[in-house]
Amino acid sequence: MGSWAWGCITDFFTYETTKSVVVKSWSVGIINRIVQLLIITYFVGWVFIHEKAYQTIDTGIESSVMTKVKGFGYHHNRVMDVADYVFPQQGAGVFCIMTKLIITENQFQGRCAETGRRFSCFRDEDCHEHYGTILANGVITGVCLDASNDTKGQCEIEGWCPAENDAVTIEPMLDVNNFTIFIKNSIRFPLFSVTRGNFPKSMTSAEIKRCTYHPKNNPFCPIFRVGDVLNYTGQNVQDLADKGGEIGINIQWKCNLDWNVEDCVPEYSFTRLDKPFEKNAVSKGYNFRFAKYFKTENGTEFRTLHKAFAIRFDVMVTGNAGKFDTIPTLINLVAAFTSVGLGAVLCDIILLNFLKGADQYKAKKFEEVSEAQIAASVAQSPGSQFSLKPGMKSSYDSGALSLDTTDQTM
């Protein structure tokens with residue numbers, strides 16, 4: 001037990017130092033330099049140039065979006081303006097342009113027949129199975145109305161009457177193709193206290209009124225034609241006007257603040273957000289309902305119900321800003337210099353396991369030296385290298401041994 005404890009103590013206070021062995025091998029040398037070159041290329045090309053690892057990055061972008069739509073269109077034989085087809089009217093980053101409206105006028109609270117085909121019936125019992133359904137336009141009462149021996153009736157509901165019939169055919173408003181969307185976006189990077197807007201300060205009111213966004217010819221114009229936005233997503237008005245859809249407008253800010261802050265400009269991209277549901281049989285497109293309420297002279301409330309099919313626009317703002325900082329630069333430089341040593345690790349694995357002279361290399365690379373050996377070697381030849389054997393050469397580098405591949409046993 002005592003010898004085991006003493007062995008643990010002596011092992012704990014053992015010092016290991018690196019021993020340099022120069023291996024003159026073309027294959028191993030080429031592998032070493034290729035690995036080092038790849039590592040250096042990765043750090044210079046990807047880490048420092050592409051990822052800009054020498055910068056501090058601010059990803060906490062603060063953003064404000066204001067939108068405004070303009071244009072006129074014909075629907076239900078009347079002219080529709082912005083107040084008729086844009087919802088909500090506050091001009092936020094998410095808004096809808098209605099392309100088709102199914103209007104049910106003069107609805108009063110009462111009882112009437114349901115319009116859906118699934119609620120047809122011959123007798124009251126046929127309606128009992130619909131108790132509690134959320135698919136009707138009101139509460140099912142369990143009464144079958146207007147049924148006879150030859151014709152089906154409809155289940156009775158209690159709610160707003162007459163019930164909405166959304167199976168009617170209505171032509172959508174295709175004039176939406178020429179409507180325009182004005183987007184005003186301001187952003188701030190709080191880490192650097194940098195604020196920017198999505199169009200140049202030098203742009204005049206007259207220039208804004210005349211311009212239309214184009215990714216190459218006019219990339220900073222804040223006015224977007226709806227037809228162009230749809231085309232950028234691979235869609236057109238005919239595809240979306242009947243059932244509606246969801247379009248994303250992404251404003252991306254990627255700013256390198258090591259350069260002039262005026263070079264911090266937005267890039268726009270467009271996508272159809274509901275693309276996965278484009279060919280679905282159910283839940284296709286985008287629609288919603290809203291109502292306008294009125295009162296008669298005697299105080300009875302009634303309403304006009306609108307089922308709106310619309311193109312919904314989501315304006316999304318993303319981005320980051322970077323600026324040179326000493327700390328991340330030093331951290332990544334140290335990582336780069338450390339990683340270059342991976343070439344030596346790979347070459348050691350090859351030399352120790354795959355070459356025919358692996359045993360000889362192991363003997364030269366790993367050597368155990370005790371204090372008694374050092375004292376005996378110094379006593380025999382003071383000032384000399386104590387561990388050299390015949391056939392081994394001392395390199396000009398301090399403490400390094402040169403091992404020629406011609407000396408290895410093949």
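In this report, the structure presented in the accompanying data block is examined.

Conventions we followed
- Residues numbered from 1 in each chain as written.
- Predicted model: local features only at pLDDT ≥ 70, side-chain atom pairs only at ≥ 80, totals over all residues.
- Heavy atoms only, no water.
- Axes fitted to C-alpha atoms, helices over the stretch in contact; angles between N-to-C directions.
- Helix = DSSP H or I, 4+ residues; strand = E, 2+ residues; numbered from the N terminus.
- Parallel < 35°, antiparallel > 145°, perpendicular 65-115°, else oblique.
- Contact = heavy atoms within 4.5 Å.
- Phe/Tyr/Trp six-rings, centres within 6.5 Å; stacked < 30°, edge-to-face > 60°.
- Buried < 20%, exposed > 50% of the residue type's maximum accessible area, 1.4 Å probe, protein only.
- Core = buried A, V, L, I, M, F, W, Y, C linked by side-chain atoms within 4.5 Å.
- Disulfide = S-S within 2.5 Å.
- Polar contact = N/O pair within 3.5 Å; in protein donor to acceptor, adjacent residues only side chain to side chain.
- Patch = residues over 30% accessible without salt bridge, like charges linked within 9 Å, V, L, I, M, F, W, Y side chains within 5 Å.
- Areas by Shrake-Rupley, 256 points an atom, 1.4 Å probe, with all protein chains shown as cover.
- Salt bridge = Lys/Arg side-chain N within 4 Å of Asp/Glu carboxyl O.
- Lys, Arg positive; Asp, Glu negative; His and termini not counted.
- Charge placed at Lys NZ, Arg CZ, Asp CG, Glu CD.
- Left-handed = near helix turned anticlockwise from the far one by under 90°.
- Nonpolar A, V, L, I, M, F, W, Y, C, P; charged D, E, K, R; others polar.

**Topic: the packing of helix α9 (residues 342-353) against helix α10 (residues 358-365)**
- Contact geometry for α9 and α10: axes closest at 6 Å, N-to-C directions at 120°. Classed by the angle they form, the pair α9 and α10 counts as oblique. On the side of α9, the interface is formed by D348, L351, L352 and N353, while α10 contributes A358, Y361, K362 and K365.

**Quick look at the packing of aromatic side chains**
- As enumerated under the stated definition, the model contains 19 aromatic pairs in all.
- Pairing F182 with F199 gives two aromatic rings, centres 6.3 Å apart and planes at 50°, and the pair type is tilted. Remark: F199 occurs in the loop between β12 (194-197) and α5 (205-210) and F182 occurs in strand β11 (residues 180-189); sequence separation between them is 17 residues.
- Taking the relative accessible area as the measure of exposure, F182 reaches 18% and is therefore buried.

**Re the nonpolar core**
- The biggest cluster of nonpolar side chains holds 46 residues, and the ones touching the most others in it are Y85, I97, W253 and F313.
- Of all the elements, strand β17 (residues 301-324) adds the most residues to this core, at 7 residues.
- If you look at the next biggest cluster of nonpolar residues, it comprises 11 residues, including C112, A136, I157 and C161.

**Comments concerning the state of the cysteines**
- Across all of its chains, the model carries 5 disulfides by this definition.
- In this model C112 forms its disulfide with C161; the gap between the sulfur atoms is 2.2 Å. Since a negative S-S torsion denotes a left-handed disulfide, the C112-C161 link at about -85° is left-handed. One end of the pair, C112, is in strand β7 (residues 94-113); the other, C161, is in strand β10 (residues 153-161), with 49 residues separating them in the sequence.

**Things to note about the environment of S63**
- Relative to the elements of secondary structure, S63 occurs in strand β3 (residues 62-70).
- Using a relative accessible area of 41% as the deciding quantity, one classes S63 as partly exposed.
- The sequence separation of S63 and T318 amounts to 255 residues, and the corresponding C-alpha distance is 8.7 Å.
- Apart from the residues within four sequence positions on either side, S63 is in contact with N185, S186, I187 and V317.
- At 3.1 Å, the side chain of S63 forms a polar contact with the side chain of N185.

**Brief notes about a positive patch on the surface**
- A cluster of basic side chains, namely K68, K70, K184 and K209, defines a positive patch on the protein surface.
- The residue K70 is located in strand β3 in this model.
- Residue class for K70 comes out exposed when judged on its relative accessible area of 55%.

**Focus: the packing of helix α2 (residues 26-50) against α9**
- Where α2 meets α9, the closest approach of the two axes is 8 Å, and the angle between their N-to-C directions is 150°. The pairing of α2 with α9 is recorded here as roughly antiparallel in orientation. Of the two possible hands of crossing, α2 and α9 adopt the one that is right-handed. For the pair α2 and α9, contact is made by V28, I31, N32, V35 and I39 and by L342, G343, A344, L346, C347, I350 and L351, respectively.
- Looking at side-chain class alone, the contact of α2 with α9 contains 10 nonpolar, 2 polar and no charged residues.

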